[in-house]
Amino acid sequence: MFFSKKNRKLEQKICGINQRNVELVYVFNQRKDYKWADDKVNAKTILHQNNIACAETYGVIERIGDIYSVWKEVQKYDCLAIKPANGSGGGGIKIIRKNNDGKWMQGGKIIYEENIFQHFATIIMGIYSLGGRDRVLIERCIDPHPFFQEIYPIGVPDFRVILLKDIPIMSMLRVPTDRSDGKANLHQGGLGIGIDMSTGLLTTGFDGNNYYDFHPDSHLLIKGKEIPFWDELLELSIHTSRAFPLQYLGVDIVLDKHIGPMIMEVNVRPGLGIQIVNQQGLKETIQSHPLLQGILH
Amino acid sequence: MTKGYFSSEQFIPESSYDVKFDFHVKGEQETAFVKAYLPQSNARQNITQEGFFSNQFTFSNSNLNEGRMGEWRKQNVKGEQNISYHFNYSGEALKYQIDPKLKIKDLHILEESFISPSLHIQSEDDAIQILSQKLNRHTDNVLFSIKNIYRYVNQIPSNETSDLTDAVTALQQNEASCNGKSRLFVALCRAKGIPSRVVGGIILETGKKKTSHLWAEVFLNGHWVPFDALNQHFAYLPQNYMQLYYGDHFLIKRSKNIEFDYVFDIEKKEEFSRAAMIPFTLWSLPTKGEIPMELLKVILLLPLCSLIIALFRNVIGIKTFGIFLPAIITISLESVGLMFGIVLYLGVVSIVGLLHFPLTRWGLLYTPKLVIILIGVVVGLLGLTHLGIETNNIALSSVIFFPIVILSIAAEKFAKIILEEGIKDALKIQGQTLAIIILCYGVYQSNFLTGFFLTFPESLAIIVSIMLLLGRWIGLRVTEYKRFSWIIN
């Protein structure tokens with residue numbers, strides 16, 4: 001079965017984990033530079049230095065003893081995004097908002113200070129970062145662009161652009177679904193939507209089981225929709241790629257109502273599922289690009 | 001491999017012996033003959049460089065059921081004559097493990113004679129029957145019955161007699177040498193319905209001797225399993241036990257009309273071993289007492305198991321808990337056996353899984369949560385041990401020796417994966433890890449592989465080369481064909 005025509009065709013199109021590691025990650029990213037992308041606090045340092053749009057950093061908690069002072073500091077804001085600097089897959093992220101009485105709310109319920117402090121402590125103890133110690137990043141909340149209302153009204157969708165040698169080669173939009181609980185990650189049930197790189201138009205969505213022209217839950221049309229700020233979005237990803245010492249990376253971009261495209265995160269080993277979403281292989285894409293010849297074998 | 005049953009060779013360097021049978025014949029008569037069983041090569045012993053010297057005796061050779069019979073014959077023997085027969089023997093020790101669940105009714109008899117009384121093995125004699133009843137009335141378990149018989153025969157005081165002692169005499173005198181003890185052992189086995197026979201041979205050791213040796217064999221699931229209650233070998237045949245014939249026979253027969261004497265002249269060849277033939281092997285390490293065999297085996301086979309794991313991960317695309325963890329869990333299974341070990345492992349994993357949810361819901365910090373989970377595992381294992389002691393179940397009560405540290409690591413890893421990937425993926429990875437563990441267990445149990453790596457430790461270089469190739473291999477993993485098949489549809 002492995003010698004079928006279909007599988008030969010797959011081998012010509014697809015870049016698997018082995019090839020990605022050997023010919024892309026190890027060649028274009030130095031191990032010592034991973035820390036600039038893997039750690040969100042470090043990544044934001046680079047982004048701020050290069051004046052690249054990203055969510056404003058409200059505070060960073062490095063030690064348990066700093067919790068109280070930083071917490072006092074951020075009371076002046078109305079909405080906080082709390083993240084572990086080394087988390088992965090959206091684990092440990094809490095969005096809290098003040099209600100009209102000035103009480104902190106999470107997902108429609110009041111959250112007490114002690115629970116928030118405990119969450120900080122949990123992050124610092126490293127529960128979301130594979131055991132090592134970690135830092136808490138507190139930043140401005142994203143206000144999703146109204147464009148996303150036209151697809152699915154809940155959660156924060158984001159774009160993933162994969163760049164090789166500062167050239168954007170493939171991208172997708174990730175949108176939450178009913179079963180993804182507001183999260184947009186593919187393996188948490190989010191819907192990935194392919195993007196035609198040259199036109200900035202959405203193609204079809206993929207949720208792990210099927211391809212869709214409409215969002216499976218909101219039933220709103222996806223196919224052929226034009227992404228607002230597409231050129232700026234690409235431009236931002238290229239700037240980001242140039243600012244980091246990494247040459248193969250996945251850049252996550254959100255579209256804020258007030259600010260426009262903003263960088264959320266940078267990944268050293270972007271996942272390979274984007275190929276399924278776009279129904280297009282990384283290998284064929286890279287091999288057919290005039291400036292990326294001879295990189296993949 | 002037969003059902004529930006396997007044999008394994010001990011990794012003692014193969015020794016070799018030069019053996020000479022010297023027969024002295026003196027006579028004035030017409031025709032004289034000397035017959036003796038001669039050794040044959042078989043799966044565990046190898047006979048080479050055979051030769052004989054005899055003054056005008058004609059030699060003939062016949063293969064009988066019980067062994068190979070050599071016969072020297074001469075007409076008109078006058079004065080003193082010498083016959084000598086020499087050969088080189090090399091052999092391996094044999095060790096058998098008996099299925100503890102084997103029942104007597106499941107035994108294959110092979111031949112009626114193996115459970116019937118014979119002239120010197122009077123298994124239907126009243127005294128033997130009464131003793132058999134006393135020893136084994138309440139059990140139909142083979143291993144248990146043999147152990148009782150072995151223990152009884154073993155505690156009979158030994159003597160040095162070379163006279164024939166039959167089973168009943170050995171019992172009545174409560175004193176016997178190898179031949180009496182072996183016949184009594186066989187008689188008791190047959191009285192219980194366990195097919196058995198005596199085996200004749202010589203214990204090889206440098207020097208001249210006249211004593212041959214008799215031991216017993218029991219037929220279990222297609223194997224003749226050796227027992228020597230005199231020298232305390234239970235289901236074990238030392239490498240210097242040379243087999244000559246099977247059944248209750250005399251090693252040497254000769255015509256009555258001659259004066260006859262004989263001696264076995266044996267010399268151990270010091271340096272013949274696999275080690276001597278191959279420049280560098282590790283066989284000698286355990287016998288020199290520098291490192292226990294078990295440890296050496298683990299060290300040598302760990303790279304091989306890691307190779308298997310690497311292939312499964314990078315070529316097939318299976319996920320496991322860590323890279324070396326499955327190989328190491330496998331080692332810890334060895335002390336309790338595969339089936340029970342797996343049950344135990346799954347038990348530990350379920351405890352971890354069950355404790356994980358309430359503890360996470362209460363929002364406990366990571367490390368304290370893990371400590372509670374570990375205590376849950378420890379309590380579970382202690383409970384099993386207690387149950388084992390209460391019910392006299394050795395397998396259960398030995399759980400305490402099951403390396404708890406390794407299980408703890410596994411528990412921690414599992415808890416972490418539940419957190420990272422969710423319970424569904426964690427269970428999937430768990431199942432794949434278990435499959436790899438079973439595979440690695442097979443590797444650790446393989447005598448061939450252990451022997452191979454002991455003999456050719458340089459084979460580790462092969463693993464390194466495979467890993468060098470694998471490290472640069474960019475092909476799709478087997479699971480990726482399915483994962484990406486969407487793209488073509």
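Conventions adopted
Residues numbered from 1 in each chain as written. Chains lettered and ligands numbered in written order. Predicted model: local features only at pLDDT ≥ 70, side-chain atom pairs only at ≥ 80, totals over all residues. Heavy atoms only, no water. Pairing = 2+ DSSP bridges. Helix = DSSP H or I, 4+ residues; strand = E, 2+ residues; numbered from the N terminus. Core = buried A, V, L, I, M, F, W, Y, C linked by side-chain atoms within 4.5 Å. Buried < 20%, exposed > 50% of the residue type's maximum accessible area, 1.4 Å probe, protein only. Contact = heavy atoms within 4.5 Å. Salt bridge = Lys/Arg side-chain N within 4 Å of Asp/Glu carboxyl O. Phe/Tyr/Trp six-rings, centres within 6.5 Å; stacked < 30°, edge-to-face > 60°. Domains from an automatic or database assignment. Buried area = accessible area lost by both parts, 1.4 Å probe. Nonpolar A, V, L, I, M, F, W, Y, C, P; charged D, E, K, R; others polar. Disulfide = S-S within 2.5 Å. 1 Å grid on protein atoms, 1.4 Å probe; cavity = no way out; pocket = protein on both sides within 12 Å on 5 of 7 lines; lining within 4 Å. Points joined across faces, edges and corners; volume = space filled by probe spheres on them.

1. Section: the sheet that holds strand 11 (residues 211-212) of chain A
Residue and element names in this part refer to chain A.
Thinking step 1. Spatial ordering of the open sheet is given by 11-10-9-8-7-12-13, a layout of 7 strands whose pairing is antiparallel. Among the strands making up the open sheet, the edge pair consists of strand 11 and strand 13 (260-267).
Thinking step 2. Here 7 bridges tie strand 7 (residues 158-164) to strand 8 (residues 167-175), and the two strands are oriented antiparallel to one another. Within the sheet, the bridge partner assigned to Arg160 lies in strand 8 and is Met172.

2. Section: the nonpolar core
Thinking step 1. Formed by 74 residues in total, the largest nonpolar core has its most connected members in B:Phe21, B:Phe23, B:Leu184, B:Phe185, B:Leu220 and B:Phe227.
Thinking step 2. Among residues more than four places away in sequence, those in contact with B:Leu184 are B:Ile128, B:Tyr152, B:Val153, B:Ile156, B:Ala167, B:Ala170 and B:Leu171.
Thinking step 3. One finds A:Ala43, A:Ile167, A:Val175 and A:Trp230 within the second-largest nonpolar core, a separate group that totals 63 residues.

3. Some details on the pattern of salt bridges
Residues and elements named next belong to chain A.
Thinking step 1. Under the definition given, this model contains 24 salt bridges over all chains.
Thinking step 2. Of the charged contacts, one joins Asp256 and Arg140 as a salt bridge, the two residues approaching to 3.5 Å between their closest N and O atoms. Here the residue Asp256 occupies a position in strand 12 (residues 248-256), and Arg140 occupies one in strand 6 (residues 136-140), the gap between them amounting to 116 residues.
Thinking step 3. The class for Asp256 is buried, based on a relative accessible area of 0%.

4. A closer look at the side chain of A:Lys94
Thinking step 1. Residue position: A:Lys94 is located in strand 3 (residues 94-98).
Thinking step 2. A:Lys94 has contacts with A:Leu80, A:Ala81, A:Ile82, A:Gln106, A:Ile111 and A:His119, leaving out every residue within four places of it along the chain.

5. Section: the packing of aromatic side chains
What describes a pair of aromatic rings is the distance from one ring centre to the other and the angle between the planes of the rings.
All names here are of chain A.
Thinking step 1. Applying the stated criterion across every chain yields a total of 35 aromatic pairs over all chains.
Thinking step 2. Centre to centre, the rings of Trp71 and Phe120 are 6.0 Å apart; their planes meet at 65°, and the pair counts as edge-to-face. One end of the pair, Trp71, is in helix 5 (residues 67-73); the other, Phe120, is in helix 6 (residues 113-125), with 49 residues separating them in the sequence. Here Trp71 matches Phe120 in class, with each residue buried.

6. Quick word on the domain arrangement of chain B
Frequently, the measure chosen for interface size is the accessible area removed from exposure when the parts meet.
Thinking step 1. Per the domain assignment, the segments of chain B are domain 1 (97-240) and domain 2 (285-487).
Thinking step 2. Distance from the C-alpha centre of domain 1 of chain B to the C-alpha centre of domain 2 of chain B: 42 Å.

7. Thoughts on the interface of chain B and chain A
Thinking step 1. Each partner contributes residues to the interface: chain B has 24 residues there, and chain A has 35 residues.
Thinking step 2. Between chain B and chain A, roughly 2,700 Å² of surface is buried when both sides are summed, and carbon and sulfur atoms account for 68% of that area.
Thinking step 3. At the junction of chain B with chain A, the criterion picks out 0 salt bridges.
Thinking step 4. Within the residue set of the side of chain B that touches chain A, elements represented by two or more residues are helix 12 (404-445) and helix 15 (478-483) of chain B.
Thinking step 5. When the residues that make up the side of chain B that touches chain A are grouped by side-chain class, the tally is 12 nonpolar, 6 polar and 6 charged.

8. A closer look at the state of the cysteines
Residues and elements named next belong to chain A.
Thinking step 1. What the rule picks out here adds up to 1 disulfide over all chains.
Thinking step 2. Between the sulfur atoms of Cys79 and its disulfide mate Cys141 the distance is 2.0 Å. Across the S-S bond linking Cys79 and Cys141, the dihedral sits near -90°, which makes this disulfide left-handed. In this pair, Cys79 is assigned in strand 2 (residues 79-84) and Cys141 in the loop between strand 6 and strand 7, connecting sequence segments 62 residues apart. Each member of the pair, Cys79 as well as Cys141, is classed as buried.

9. Some remarks on the environment of B:Glu217
Thinking step 1. Mapped onto the elements of the fold, B:Glu217 is located in strand 11 (residues 213-220).
Thinking step 2. Ignoring any residue separated from it by four or fewer positions in sequence, one finds B:Glu217 in contact with B:Pro195, B:Ser196, B:Arg197, B:Val199, B:Trp224, B:Val225, B:Pro226, B:Gln243 and B:Tyr246.

10. Considering empty space enclosed by the protein
Thinking step 1. Enumeration according to the criterion identifies 2 cavities of 30 Å³ or more in this entry.
Thinking step 2. Reported here for the largest cavity is a volume of approximately 110 Å³.
Thinking step 3. Residue lining of the largest cavity: 14 residues in total, with A:Lys44, A:Glu139, A:Ile263, A:Met264 and A:Glu265 positioned closest to the centre.
Thinking step 4. Those elements that provide at least two residues to the lining of the largest cavity are helix 4 (40-49), strand 6 and strand 13 of chain A.
Thinking step 5. Here the lining of the largest cavity is composed, by residue class, of 9 nonpolar, no polar and 5 charged.
Thinking step 6. Roughly 40 Å³ of volume is contained in the second largest cavity.
Thinking step 7. Taken together, B:Val153, B:Lys181, B:Ser182, B:Phe185, B:Ala216, B:Phe227, B:Asp228, B:Ala229 and B:Leu230 form the lining of the second largest cavity.
Thinking step 8. Every element with two or more residues in the lining of the second largest cavity is listed here: helix 4 (178-191) and strand 12 (223-228) of chain B.
Thinking step 9. Considering each element in turn, the lining of the second largest cavity owes the most residues, 3 residues, to helix 4 of chain B.

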